[in-house]
Amino acid sequence: MVRLACVSLPALPLQLVLREEPALRGMPVAVVESQRAQAPLLWVSTTGWHQGLRPGMLHAAALSLAGDLQARVVAPERVATAAASLTTLLRRFSPHVEAARDEPGLFWLSALGMGRLHGTPRAWGDGIHGALGEQGWRAAVVIGVGHFTCAAVARGRRGVRVFGDAATERQAACRVPLHRLGLTPQVLEDLEELDVRRLGDLLRLPPDGLLQRFGSDLHRLHRLAAHALDRPLQPLAERLPITDLLLVEPAEVDAARLLFLIKGRLPFLLADLTARQEALHTLHVTLTLDDHSRQDLPCSRPAPRGRKS
């Protein structure tokens, strides 16, 4: 019955800040769009949440609630680099990994064939969670059936959860608070006036009425939760490194001759890079010697266009 695992690293940009500045743990911390007073908060730490801070709140208003607020800007490039690194780590547990396009830190892994490698789904989930924890990430791993329902549960918990049937999974998803699902503060406030605070409360509302009053985003969330709109896993193709194998018999002892052999293979590697619409930035050469020690040669970079080297 198990089809996939959802891995949630909540507030990934905020986790990047706390990994870099561990002294901030326990303080009200927020990731902001910029350091301007009118910039909105994007992610808020647990301490900040308890002090009334919410995503979408303006920086100046947040400071009036938490005078010791530590606000940081996290460049999108840092988040993208972290997501790529996490994707590489998760591919140790499944070759089919999908990263959410609009929510950094949310991933899905296909369970196809994982039973033979990892035994039980629980052992698979524990392995994923343990690998992330070893690198200092706070994460939840939910294993089950539904693309949306597993993600909803993962956003509202920590640790590992395995569902054996779709009904239990849907019941758990219905208990997830709506503020975990990325809704704007204004929408959450409007829903609270209707006494709608959890996903199950939302499902009791008519979808057409939600579309008319709240727009397409909340209507789509309702359809996903009601399984009226679903999609298969859409994993990213792994970009394998370009490699070339050169057998040297007998073993070469002259470094100059060895580098000449390597130089002869570079045009083929550069042609493969060009086919992928990539270019060489820096060339690193590492030699593994007979005694298994490694020797790094000075790295070099291609000469700028118009110059010969």
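It should be noted that the structure appears before, not after, this text.
Report follows, based on the coordinates. Please read these numbers as outputs of a predicted model, since none were measured by experiment. (Residues numbered from 1 in each chain as written. Predicted model: local features only at pLDDT ≥ 70, side-chain atom pairs only at ≥ 80, totals over all residues. Heavy atoms only, no water.)

## Regarding the packing of aromatic side chains
- Counted according to the given criterion, the structure contains zero aromatic pairs.
- The cationic tip of Arg19 hangs over the ring face of Trp137; the distance from NZ or CZ to the ring centre is 3.9 Å.
- Looking at Arg54, its charged tip hangs above the ring of Trp49, at a distance of 3.7 Å from the centre. (Phe/Tyr/Trp six-rings, centres within 6.5 Å; stacked < 30°, edge-to-face > 60°. Lys NZ or Arg CZ within 6 Å of the ring centre and 35° of its normal.)

## Some thoughts on unusual backbone geometry
- The backbone phi angle of Ala11 is positive, close to 50 degrees, even though this residue is not glycine.
- Within the secondary structure, Ala11 sits in the loop between strand E1 (4–8) and helix H1 (12–20).
- On the accessibility criterion, Ala11 (19% relative accessible area) is buried.
- Despite not being glycine, Asp195 shows a phi value in the positive range, around 60 degrees.
- Topologically, Asp195 is positioned in the loop between helix H9 (185–193) and helix H10 (199–203).
- A relative accessible area of 54% places Asp195 in the exposed class. (Helix = DSSP H or I, 4+ residues; strand = E, 2+ residues; numbered from the N terminus. Buried < 20%, exposed > 50% of the residue type's maximum accessible area, 1.4 Å probe, protein only.)

## Quick look at the sheet that holds strand E5 (residues 97–99)
- Here five strands make up an open sheet; going across it, the order is E5-E6-E1-E7-E8 and the pairing mixed. Two strands bound the open sheet, and with one partner strand each, they are E5 and strand E8 (159–162). Neighbour-to-neighbour, the strand axes of this sheet turn through a mean angle of 15 degrees, independent of strand direction.
- In the sheet, E5 pairs with strand E6 (residues 106–110) via three bridges, with the strands oriented antiparallel. In the sheet register, Val97 faces E6, and the bridge partner there is Leu109.
- Relative to the sheet, helix H4 (residues 76–90) contacts E1, E5 and E6, its axis offset from that of E6 by approximately 20 degrees. (Pairing = 2+ DSSP bridges. Axes fitted to C-alpha atoms, helices over the stretch in contact; angles between N-to-C directions. Contact = heavy atoms within 4.5 Å.)

## Observations regarding the sheet that holds strand E3 (residues 41–44)
- If you trace the three strands from one edge of the open sheet to the other, you get E3-E2-E4, paired in mixed fashion. The sheet is open, and its two edges are formed by E3 and strand E4 (70–72), each paired on a single side. Across the sheet, the axes of successive neighbouring strands diverge by a mean angle of 30 degrees, strand direction being ignored.
- In terms of strand pairing, strand E2 (residues 29–32) meets E4 through three bridges, oriented parallel. Residue pairing across strands places Val29 opposite Gln70, the latter belonging to E4.
- The strands touched by H1 are E2, E3 and E4; relative to E2, the strand with the most contacts, the crossing angle is about 120 degrees.

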